[in-house]
Protein chains: 2
Amino acid sequence: MKLNFEKLNGLVPAITQDYKTGKVLMLGFMNKEAWEKTLETGKVWYYSRTRNKLWMKGESSGNVQKVKEIFVDCDDDTVLIKIEQAGNAACHEGYESCFFRDVKGKIKDKKVFDPKKVYGGKNE
Amino acid sequence: MKLNFEKLNGLVPAITQDYKTGKVLMLGFMNKEAWEKTLETGKVWYYSRTRNKLWMKGESSGNVQKVKEIFVDCDDDTVLIKIEQAGNAACHEGYESCFFRDVKGKIKDKKVFDPKKVYGGKNE
């Protein structure tokens, strides 16, 4: 399948979902290179808009995302990746999911690790 | 919670997920107005990048998305909305989910309606 990277200046949003529980873990962006590396390696790669670089999820924390199944949406401009999440935490703040707060700011998720201990000041 | 619309030229990605089954249904973009209308009305509104206009999901098809719970990610730049999907189909191609194909193009989802009958040529 060929993705349409043109609608978002070279990027597509990639949603990751726990392949067992169905929990939505995070949303990142992929450029063409991140997409190809994800397909090649079976691990999820993203393109960081703030750091302007390619990165593999887990390269600092060890919390790698192993690809189980990939879906492409009807417009070929978004992907949904079912993954196995190493360390049971996708969020750099130490939670299982990046969507750990509800719209009122209330924390609704489990904290798995202390980010200071894992990243030592770096922000994955 | 205040969303960061600046990282994506006034938009944030919004993921919708079936509140009962956990199935990821679609990803759309919201501008500030779509976000506010979603909060006000309890139904999901998006901003269409291709048609350059605000729209309520279901305004043509009747397949409205009723908000059950909203989550905001760690960077305040993406939202995850658990919804009740009217008509059991989010995709304008008639499937339950917009992510109805795997990466090889194989259809993995259930077709619920015939888009020609529902939209009569319009593309919601």
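On a predicted model such as this, the values are computed, not experimentally measured, just so you know.

### Remarks on the overall build of chain A
Now for step 1: Tallying secondary structure elements over chain A gives two helices and seven strands in all.
Now for step 2: Helices and strands in chain A line up, N terminus first, as β-β-α-β-β-β-β-β-α.
Now for step 3: What you see for chain A is a C-alpha radius of gyration of 14 Å, in line with the 14 Å of a compact globule of 124 residues.
Now for step 4: By principal-axis analysis of the C-alpha atoms, chain A measures approximately 40 × 25 × 25 Å.
Now for step 5: By residue count, 40% of the 124 residues in chain A fall in the buried class.
Now for step 6: A separation of at least 24 residues holds for 40% of the contacts in chain A among residues at least 6 apart in sequence.

### Some points on the sheet that holds strand β1 (residues 12-18) of chain A
Now for step 1: Pairing in this open sheet of five strands is mixed, and the strands run β2(A)-β1(A)-β6(A)-β5(A)-β7(B) from one edge to the other. Lying at the two open borders of the sheet, with one neighbouring strand each, are β2 (24-30) of chain A together with β7 (101-102) of chain B.
Now for step 2: Where strand β5 (residues 65-72) of chain A lies against β7 of chain B, two bridges are found, and the strand directions are antiparallel. Pairing of V72 of chain A across the sheet is with R101 of chain B, part of β7 of chain B.

### So, the sheet that holds strand β2 (residues 24-30) of chain B
Now for step 1: Reading across the sheet, the five strands line up as β7(A)-β5(B)-β6(B)-β1(B)-β2(B) and stay open at both edges, with mixed pairing between neighbours. Two strands close off the open sheet at either side, each with one partner strand: β7 (101-102) of chain A together with β2 of chain B.

### Observations concerning the confidence of the model for chain A
Now for step 1: Here chain A averages 95 in pLDDT, while 97% of its residues score no lower than 70.
Now for step 2: Model confidence for the complex: the whole-complex pTM is 0.96, and ipTM, which rates the interface, is 0.95.

### A short note on the pairing of strand β1 (residues 12-18) of chain B
Residue and element names in this part refer to chain B.
Now for step 1: With seven of seven residues buried, β1 lies mostly within the body of the structure.
Now for step 2: Burial along β1 is two-sided: V12, A14, T16 and D18 facing one way and P13, I15 and Q17 facing the other are all buried.
Now for step 3: In the sheet, β1 pairs with β2 via six bridges, with the strands oriented antiparallel. For A14, the partnering residue across the bridge sits in β2 and is G28.
Now for step 4: Between β1 and β2, which follow one another and run antiparallel, lie five residues, and G22 among them has a positive phi close to 80 degrees.
Now for step 5: Examined bridge by bridge, β1 and strand β6 (residues 79-85) share five bridges and lie parallel to one another. What sits directly across from Q17, in β6, is K82.

### So, the interface of chain B and chain A
Now for step 1: Opposite the 26 residues of chain B that make contact, chain A presents 26 residues.
Now for step 2: Mapped by element, the contributors of at least two residues to the side of chain B that touches chain A are β1, β2, β5 (65-72) and β7 of chain B.
Now for step 3: By residue number, the principal contributor to the side of chain B that touches chain A is β5 of chain B, which donates four residues.
Now for step 4: When grouped by side-chain class, the residues that make up the side of chain B that touches chain A number 14 nonpolar, five polar and seven charged.

### Topic: the relation of the copies chain B and chain A
Now for step 1: Mapping chain B onto chain A calls for a rotation angle of 180 degrees and an axial translation of 0.0 Å; the resulting RMSD is 0.0 Å. The transformation just described matches what one would write down for a two-fold rotation axis. No C-alpha of chain B approaches the rotation axis more nearly than that of G22 of chain B, which lies at 2.8 Å.
Now for step 2: Comparing contact sets, 100% of the residues at the interface of chain B also lie at the interface in chain A, consistent with an isologous, same-surface contact.

### Quick word on helix α1 (residues 32-41) of chain A
Residue and element names in this part refer to chain A.
Now for step 1: Residues A34, W35 and T38 constitute the buried set of α1. For α1, the buried positions fall inside an angular range of 100 degrees around the axis, keeping them on one side. Of the residues in α1, the exposed ones pointing more than 90 degrees away from the buried face are E33, E36 and E40.
Now for step 2: Buried residues in α1 make contact with β2, β3 (45-48), β4 (53-56) and β5.
Now for step 3: One or two residues past the end of α1 sits G42, with phi positive at roughly 75 degrees.

The rules behind the values
Residues numbered from 1 in each chain as written. Chains lettered and ligands numbered in written order. Predicted model: local features only at pLDDT ≥ 70, side-chain atom pairs only at ≥ 80, totals over all residues. Helix = DSSP H or I, 4+ residues; strand = E, 2+ residues; numbered from the N terminus. Rg over C-alpha atoms; globule rule 2.2 N^0.38 Å. Buried ≥ 20, exposed ≤ 12 C-beta atoms within 10 Å, placed from the backbone. Contact = placed C-beta atoms within 7 Å. Pairing = 2+ DSSP bridges. pLDDT = per-residue confidence, 0-100. Nonpolar A, V, L, I, M, F, W, Y, C, P; charged D, E, K, R; others polar. Least-squares fit on C-alpha atoms with pLDDT ≥ 70 in both. Arc of directions from axis to C-beta.

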